Number of protein chains: 2
Amino acid sequence: MNIREVAAKAGYGVGTVSRVINGQANVSEQARSRILAVVEACGYEPNSNARYLKRREHTPVAAFVMGTSNRLFSDILASIQARLEASGEELVVTYLDDDAQEVAAAIAYQQARRPKGMLFLGGERTYFREAFDQIEVPSVLITNSAAGLGFANLSSVTIDNEAAAAEVIDYLWSRGHRRIGLLGGSNAPEQTAGMRLKGAEQALRDRNAPFDAARDYEPCRFSEQDGYTALIRLLDRAPDITAVFALGDVIAFGALRAAVDRGLAVPRDLSLVGFDGTALAQFSIPRITTVRQDTEALAQQSVELLRSLMDAGGEAAHTLVPYELIAQETVCAR
Amino acid sequence: MNIREVAAKAGYGVGTVSRVINGQANVSEQARSRILAVVEACGYEPNSNARYLKRREHTPVAAFVMGTSNRLFSDILASIQARLEASGEELVVTYLDDDAQEVAAAIAYQQARRPKGMLFLGGERTYFREAFDQIEVPSVLITNSAAGLGFANLSSVTIDNEAAAAEVIDYLWSRGHRRIGLLGGSNAPEQTAGMRLKGAEQALRDRNAPFDAARDYEPCRFSEQDGYTALIRLLDRAPDITAVFALGDVIAFGALRAAVDRGLAVPRDLSLVGFDGTALAQFSIPRITTVRQDTEALAQQSVELLRSLMDAGGEAAHTLVPYELIAQETVCAR
DNA sequence: CTGAAAGCGCTTACAG
DNA sequence: CTGAAAGCGCTTACAG
């Protein structure tokens, strides 16, 4: 079933059918209703390849997700998809490795499929700075800031990762912790987790805390298993730490299990803070003290920013959404 | 940059360029290398809309995921995407509500985008029976069986949900539990969770257990929060149950938290079994006794079945992958 | 081995 | 308000 068959059945030309389908004004009521009836009866749907080819507009919005086990990202993604769908936009999701080069993947994707827009869930500023100039479509970086990078087609929406991480350190410090371990992400300087690492390190340095990254920081990917083994390694190396700040809930969740398996009571023997405020932290036993990111706000803002960029004339903007340290059950005073 | 420009730069016709790009044999070595050089230099990538339009082959493989918080599905999905990508196939993911009509969504999608193939993560046999005849593209149902439905273009790969659920009941029974509550999914008869419900109910009936679905079963969606509130409702209604079988880990995880908040020690006061064998069960405190599904096998088989269906001549097949009841820390004897 | 031409299914000026 | 025609960027018989 194609547009010609619909036109024939309805007794109009294909141009008129096209106008009806696309809701254009200059069509008679009679033509509209007759054509709509045929479309309805046949269950006709326009071929999107032909449509996009003609409009030179191409495929749907593409999302690149860093890491496959990050619950925060699935939550945001589901909300973004629902919002996009509400306005008739499709979303194509590509999962990348934690340490993949997201911008390189996006460049290849852009060439092949010409998406309307692109969304990055997680990302490293360094990669954007170096290669994003090859990206022509409207894009939004989510959970990291693109401010200062100077790309007219790249907006961003994020919490202030550095400040939030500093607040975690402040919180632990105020509870008497002096030897604090850091867990997760990589030390790639400008990755989402890297920004948190930076904020935490700076806060420790501000307090003249005895922090030595080589000993007190253990990088790992965003998965429970990686968080588990990373904490084991960290404890082996720095057994005197009294608190651990995991740079993501999924890591904290694995670390919590590792601590318990080591015979450490949390928080009595070891305090633990996560990051993201996902269901993992909320339903875990004990509940994990964490930094809550508002996934709905993140999703809503990203869609809005993308849309503004896609409408000609929209300018890149960098939005900060609020975060909140939620004191739950995995930190106690020293 | 389009194929005509490449042809002009290389000094050949567009037909020859097309043949080179598509790796066809009947091209001279000289033409191939000259064209490849131009392609390389310009970073040319063929426009996929035009390509798919022409080939009448259309867009990439589409996956429909039932529910947005189901960790099992994200695990399978990541593995499927990696496998597809290895053979140059793209995957487009659509998240649906737990209770959406996946086949209706697929029909609309098929009309609009003509995917090469479709994958369903979760699904209800009833919907397939009623409407799948409108689907023309090769498809695979994952985590539920399509055996007996008789569609030539629908394969399936799943564990035996009924048998696995019966085994859980058997296990709880052998540990002395007589009043067993069931939690999660809907009573839609042939949904993935519904199959488990069916197997569990049958096993209880086989033992003449005093099971009354209206009282001892509480449906809910696949999320921690829903599992949490569902267990509360179940316990309010049937306070004498000694064990709960949650039809998914994500539900069990929320239920575990609810039990503890109610002052029930798990497993001393209440035993709990999950389903799926995800990281949630593996890292939870206590570790949740669960039925492990082999996500890698599920992913590998689905891709294989889909590929066989896409290669002309492939026949629909219905594969059962093994499951394993993993006794962990949330069940004790009565 | 190669080029010229038709056509995939749409949308959009252009006439009328 | 409507139709006929061009053209989006490819692939693929068809000649040569």
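Residues numbered from 1 in each chain as written. Chains lettered and ligands numbered in written order. Predicted model: local features only at pLDDT ≥ 70, side-chain atom pairs only at ≥ 80, totals over all residues.

A. Region of the structure containing the protein's contact with DNA strand D. Around DNA strand D lies a shell of 28 residues, among which A:Gly13, A:Gly15, B:Ile3, B:Ser18 and B:Ala50 are the nearest. Counting only elements with at least two residues in the surface near DNA strand D, the list comes to helix H2 (14–21), helix H3 (29–42) and helix H4 (48–55) of chain A together with helix H2 (14–21) and helix H4 (48–55) of chain B. Looking at the surface near DNA strand D residue by residue, the classes come out as 11 nonpolar, 11 polar and six charged. (Near = placed C-beta within 6 Å. Helix = DSSP H or I, 4+ residues; strand = E, 2+ residues; numbered from the N terminus. Nonpolar A, V, L, I, M, F, W, Y, C, P; charged D, E, K, R; others polar.)

B. Fine view of the domain arrangement of chain A. Along its sequence, chain A is carved into domain 1 (3–46), domain 2 (57–159 + 295–321) and domain 3 (161–293). Taken over C-alpha atoms, the centre of domain 1 of chain A sits 36 Å from the centre of domain 2 of chain A. (Domains from an automatic or database assignment.)

C. Local environment of the interface of chain A and chain B. The interface is formed by 30 residues belonging to chain A together with 30 residues belonging to chain B. Mapped onto the side of chain A that touches chain B, the elements with two or more residues apiece are H4, helix H5 (71–86), strand S2 (91–96), helix H6 (102–113), helix H11 (224–237), helix H12 (249–261) and helix H13 (279–283) of chain A. Counted by class, the side of chain A that touches chain B contains 15 nonpolar, 10 polar and five charged residues. (Contact = placed C-beta atoms within 7 Å.)

D. Highlighting the protein's contact with DNA strand C. In the region of DNA strand C, 28 residues are neighbours, and A:Ile3, A:Ser18, A:Ala50, B:Gly13 and B:Gly15 sit closest. For the surface near DNA strand C, the secondary-structure elements that each account for two or more residues are H2 and H4 of chain A together with H2, helix H3 (29–42) and H4 of chain B. Grouping the constituent residues of the surface near DNA strand C by class yields 11 nonpolar, 11 polar and six charged.

E. Just the environment of B:Gln81, in detail. You can see B:Gln81 is positioned in helix H5 (residues 71–86). Each C-alpha atom, one on B:Gln81 and one on B:Val61, is 9.8 Å from the other, the two residues being 20 residues apart in sequence. Sequence-distant contacts of B:Gln81, that is, excluding residues within four places in its chain, are made with A:Tyr95 and B:Leu91.

F. Structural view of the pairing of strand S8 (residues 243–246) of chain B. Residues and elements named next belong to chain B. In S8, alternate side chains face the same way, and those of Ala243 and Phe245 on one face and Val244 and Ala246 on the other are all buried. By the bridge criterion, three bridges tie S8 to strand S9 (residues 271–273) in an arrangement that is parallel. Residue Phe245 lies in a different strand from S9, and its bridge partner there is Val273. A crossover links S8 with its parallel partner S9, the connecting element being helix H12 (residues 249–261), and its sense is right-handed. (Buried ≥ 20, exposed ≤ 12 C-beta atoms within 10 Å, placed from the backbone. Pairing = 2+ DSSP bridges. Right-handed = clockwise from strand over helix to strand, strands pointing away.)

G. Region of interest: the nonpolar core. Of all hydrophobic cores here, the largest spans 100 residues; its most connected members are A:Leu183, A:Phe245, A:Ala255, B:Leu183, B:Phe245 and B:Ala255. Ignoring any residue separated from it by four or fewer positions in sequence, one finds A:Ala255 in contact with A:Leu183, A:Gly227, A:Tyr228, A:Leu231, A:Val244, A:Ala246 and A:Leu272. In terms of nonpolar packing, the next biggest core, distinct from the first, is built from 80 residues, A:Phe64, A:Ala316, B:Met66 and B:Phe132 among them. (Core = buried A, V, L, I, M, F, W, Y, C linked by C-beta atoms within 7 Å.)

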